[in-house]
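# Structural overview for review
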Amino acid sequence: MTFPDENGFSVGDAARVRGVQGHTISQAYADGGIKAGAARAARLAYGVLSRRKAAEEGVARLARVLSALDLTALGVGSTLGVGVYVLAGDVAKNYAGPAVVLSFLLAAVASVFAGLCYAEFGARVPKAGSAYVYSYVCVGEFIAFIIGWNLILEYIIGAASVVKALSEYLDSLLDKSISSQLYSWMPMDSPHLAKYPDLFAFLVIMLFSVGLAFGVKESTKFNNFCTGVNLCVVLFVIISGSFKADTKNWRIPESEVPHDGKKNFGSGGFAPYGLAGVVKGAAVCFYGFIGFDCVATAGEEARRPQKSIPFAVVVSLLVVFLAYFGVSSVLTLMMPYYMQDEKAPFPFVYDQLGWTWAKYAVSVGAICALLSSLLGAVFPLPRIIYAMSSDGLLFRWLGAVSEKHQTPLVGTMVAGLLTGTLAMIFELEQLIHMMSIGTLLAYSMVASCVMLLRYQSSQSPHRAPEPIRPCVRGLLRQCVNLDRVTSPSPLSSTVATTLVTLYGVWSLVLMNSIHQRGEAVLLGDPAAVCEVSVGAALVVFTLFAISRQPVSEKKLAFSVPLVPWLPGVSVLLNVYLMLNLDHATWIRFAVWIAAGLLIYVTYGAWHSSERRRTLDTVQLAELHNDSQTALLGQTL
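Residues numbered from 1 in each chain as written. Predicted model: local features only at pLDDT ≥ 70, side-chain atom pairs only at ≥ 80, totals over all residues. Heavy atoms only, no water.

## Quick look at the environment of L193
- Examined against the element boundaries, L193 turns out to sit in the loop between helix 8 (177-185) and helix 9 (199-213).
- The spacing of L193 and L422 is 229 residues in sequence and 9.7 Å in space, taken between C-alpha atoms.
- Sequence-distant contacts of L193, that is, excluding residues within four places in its chain, are made with I425, F426, E427 and Q430. (Helix = DSSP H or I, 4+ residues; strand = E, 2+ residues; numbered from the N terminus. Contact = heavy atoms within 4.5 Å.)

## A few points about the nonpolar core
- In terms of nonpolar packing, the biggest core is built from 157 residues, with Y85, Y132, I152, F289 and I384 touching the most fellow members.
- Per-element tally for this core: the top contributor is helix 7 (residues 141-173), with 19 residues.
- Non-local contacts of I152, meaning those with residues more than four positions away in its chain, are made with L381, I384, I385, M388, L394 and W592.
- Counting five residues, the second-largest nonpolar core is a separate cluster that includes I252, V257, F265 and Y337. (Core = buried A, V, L, I, M, F, W, Y, C linked by side-chain atoms within 4.5 Å. Buried < 20%, exposed > 50% of the residue type's maximum accessible area, 1.4 Å probe, protein only.)

## Some words on a nonpolar patch on the surface
- Together, V540, F541, F544, L562 and W565 make up an exposed nonpolar region whose accessible area comes to about 520 Å².
- No other element matches the three residues that helix 21 (residues 526-547) contributes to the nonpolar patch.
- Mapped onto the secondary structure, W565 falls in helix 22 (residues 565-579). (Patch = residues over 30% accessible without salt bridge, like charges linked within 9 Å, V, L, I, M, F, W, Y side chains within 5 Å. Areas by Shrake-Rupley, 256 points an atom, 1.4 Å probe, with all protein chains shown as cover. Salt bridge = Lys/Arg side-chain N within 4 Å of Asp/Glu carboxyl O.)

## Details of helix 11 (residues 274-285)
- Here helix 11 is twelve residues long and its end C-alpha atoms lie 16 Å apart, about the 16 Å a rise of 1.5 Å per residue gives.
- Every buried residue of helix 11 is accounted for by G277, V278, V279, G281, A282, A283, V284 and C285. (Expected span 1.5 Å × (residues − 1).)

## A word on the environment of M413
- Relative to the assigned elements, M413 resides in helix 17 (residues 409-425).
- We classify M413 as partly exposed; its relative accessible area is 23%.
- Here the alpha-carbon distance between M413 and P382, two residues 31 residues apart in the chain, equals 9.0 Å.

## Remarks on helix 3 (residues 68-79)
- Taking 1.5 Å of rise per residue, twelve residues should cover 16 Å, and helix 3 covers 16 Å from first to last C-alpha, within 8% of that figure.
- Every buried residue of helix 3 is accounted for by L71, T72, G75, V76, G77 and T79.

## Section: unusual backbone geometry
- Looking along the chain, the bond that leaves V563 and enters P564 is cis, with omega of 10°.
- In this fold, P564 is placed in the loop between helix 21 and helix 22.
- Positive phi outside glycine occurs at N481, with the angle close to 55°.
- The residue L562 is not glycine, and still its phi comes out positive at about 55°.

## With respect to the pattern of salt bridges
- Using the criterion set out here, one finds four salt bridges in the structure.
- Here D483 makes a salt bridge to R477, at a shortest N to O gap of 2.6 Å.
- For D483, a relative accessible area of 49% gives the class partly exposed.
- Put simply, R517, D525 and E531 are held in one network by salt bridges that share partners.

The structure is reproduced here in structure tokens:
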């Protein structure tokens, strides 16, 4: 077995490079023993994980024609969908009650912080692309693979959840005729799967995939039409619902809340499930804000990205939040939260009110919104698969482009099969949870990368790093920058990287303590208060130490304000929302991550285009040295 070295090629390849002493792990072991060999192996592994892609390659100079209004419409159209017509009823009934409005608010705040970090991440790379491309150029290959792998999960689960919501919505309109028929044919009595295989959802997603594979592109006019209808229906729901609003539904006494052995509907009032229910609801509501990242990826096509991107991100999220706030408010004011329908709340409410015509009007808007969201979820998926397979991190046959249709045919169909299968065998709630956890992790990594890059020293990604031989005293002094260094150095960059890594650990510890012992803290338990206080002190001190490091002088089109505090708060919120998802979601997510790591270790690390490029560079340098040596010998 061979091991990759720090430049991305294996020990066997590196052995051909003459004149380098102690270059291989075996040579280091022979020269210095186990300690030297282990140190060399660690350096080689770090070199593989941190190799970066050149930003200049494949730069596509697109026309800067998008205004702030265009970007805002793009963000609203991609984001406003399932959250309005499905999530509001589900979260109100099962998690937060009327306090679902607070759940949407908390999820919106977390999304704004993540959106600003995403905007700076994109501003560092002179080309349009996803967080995968940005992280590959700015941070390193391994982080890029993890982010890209989570983006694939986001797009696959996003498409699966939207088509599942579409299926369940149509099923509710047809008085459950689809589900009852499929359940009678093929029941699946499993606690971790759907009650029946949703063949309708599978067929719809495969139709979309076939259309993509054969070159059918998204129509901008159709998308804008669907978005316009969607916004009109949202306004109709808010206005019509306000005529039937009753504030008593926000003040239901506990004695009137039904209790049975199957379901506990809390204690009534505005927040029947307490603060924990509001936070759990926010973790689910975060799904409703996924999609705004398409605004940041259009940075190359924006006229003034330094102003229009953050404006569009914030305004689109504000519009989406106001829509969610208004819809969830009138929904819980028209009918008690425990009577809501999780699958199609508005047709059910209007049925109860006797407004059959309103039921079908809202259904038209819901179907348009779900179709628009489905287009927005399906179209990026082949692109990220194509990008990762072209870089060699995924199997290259997934990115094979059809000469006739100019599309990644195999990758699109494989992604469609996986998406359709997930939509067929899982419940909508399970899909939403899986998508939320993957996206929250990706956004946490983006926020962490923003902190890393803000304090990084300027250095070519293909140049060997300068050696660092710090003493303990020097490291401690640099942690708070007692020497008042103003320009980043290799030492300060290493300290910043270590501090950001520690901050991620402390954030997990603190948020887990609050999640597990929050009630004990409110009751004044000394042990719980001490545990949370220590975690909070570590988090604050680490952020303070990061803020003391010298800042990179690189000028950006857009920079996140209040670094590292704002990205730090974003990481805290994302981690806390992740911890509020159920254990089954974590298990499914762990299986997904384990599969990704297995692919990277066994395939991606060895077939990476950056590895081959570095190996070719070394071989060319060796040939050049050989020719110079031969020429010198002839001259002598």
